[in-house]
Amino acid sequence: MLDKTMRDAHEAVRDVFDGATIMIGGFGISGVPTELVRALLEQGATGLTIVNNNAGNGRLGLSELIEAGRVRKMICSFARSSNPLEPNAVAFAEAYRAGRIELECVPQGTMAERMRAAGSGLGPFYTPTSYGTTLAEGKETRVIDGKGYVLEHPLPGDFAFVKAQQADRWGNLTFRYAERNFGPVMCMAAATAVAQVDEIVPLGALPPEHVMTSGIFVQRVVQVRRGQ
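Below is a summary of the structure that appears in this document. Model, not experiment: these values are computed from the prediction.

Moving on, we get to the side chain of N53. Inspection of the secondary structure assignment puts N53 in the loop between β2 (48-51) and α3 (62-67). At a separation of 2.8 Å, a polar atom in the side chain of N53 contacts the side chain of Q108. Beyond its immediate chain neighbours, meaning those up to four positions away, N53 contacts G26, F27, G28, C76, S77, F78, Q108, M111 and F182.

What follows is the structure, encoded as structure tokens:
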């Protein structure tokens with residue numbers, strides 16, 4: 001019987017290895033799988049490359065990983081919190097200025113497309129985004145029909161941590177509003193996708209047209225109720 005349900009968040013992240021690339025869903029504070037990230041903090045993996053829209057938000061989760069020195073490199077669109085007074089904004093800035101963490105800044109659309117390319121088995125692609133800016137330095141560029149383009153490469157991950165509203169034991173997911181954000185494409189791009197969900201429902205309870213990420217892209221599901 002196919003059952004991707006994990007007992008708890010700690011079991012779900014048990015085999016994350018040192019040096020892994022982990023994609024973490026979230027747009028600001030929306031859709032961040034905080035319990036999975038905190039379980040990873042306790043698990044002990046280090047030297048991590050983290051792919052996320054921000055370099056953390058608020059006091060918990062990714063900010064704790066950065067403060068603990070467990071993140072080697074951040075790949076993100078905004079290397080600070082939306083609120084510069086939040087603790088993680090200071091933590092990342094201090095680590096970066098001290099040379100303890102690397103930063104690769106990627107425009108949001110480019111980051112999403114790089115993950116989609118990895119999940120779809122595609123190769124590099126050209127995009128006009130960042131052409132003529134410092135973000136294009138060191139990358140191949142071309143002018144096609146009078147328009148400049150930058151060559152970008154697929155972005156795969158070893159693991160993806162996402163937050164969803166519901167799942168069944170096969171890993172089919174539905175998301176609540178903006179919690180969806182990068183979740184579906186991260187699940188596609190990662191070798192092992194782990195979904196933290198509010199509720200695990202019986203097979204057949206999710207109408208097919210409501211499934212936002214197919215279980216074929218999800219390897220593990222763990223239920224964490226809101227407020228738990």
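Now for a nonpolar patch on the surface. On the surface, a nonpolar cluster with roughly 280 Å² of combined accessible area is contributed by L2, W170 and L203. Structurally, the position occupied by W170 is in the loop between β8 (157-167) and β9 (173-174).

With that settled, the discussion passes to the pairing of strand β7 (residues 147-152). Of all 6 residues that make up β7, 5 are buried, and the element is covered over most of its length. Pairing between strand β5 (residues 125-127) and β7: 3 bridges, direction antiparallel. Opposite T127, over in β7, you have V150 as the bridge partner. Counting the residues in the hairpin turn of strand β6 (residues 141-144) and β7 gives 2 residues, including D145, whose phi is positive at 55 degrees.

Reading guide: rules and limits
- Residues numbered from 1 in each chain as written.
- Predicted model: local features only at pLDDT ≥ 70, side-chain atom pairs only at ≥ 80, totals over all residues.
- Heavy atoms only, no water.
- Helix = DSSP H or I, 4+ residues; strand = E, 2+ residues; numbered from the N terminus.
- Polar contact = N/O pair within 3.5 Å; in protein donor to acceptor, adjacent residues only side chain to side chain.
- Contact = heavy atoms within 4.5 Å.
- Patch = residues over 30% accessible without salt bridge, like charges linked within 9 Å, V, L, I, M, F, W, Y side chains within 5 Å.
- Areas by Shrake-Rupley, 256 points an atom, 1.4 Å probe, with all protein chains shown as cover.
- Salt bridge = Lys/Arg side-chain N within 4 Å of Asp/Glu carboxyl O.
- Buried < 20%, exposed > 50% of the residue type's maximum accessible area, 1.4 Å probe, protein only.
- Pairing = 2+ DSSP bridges.

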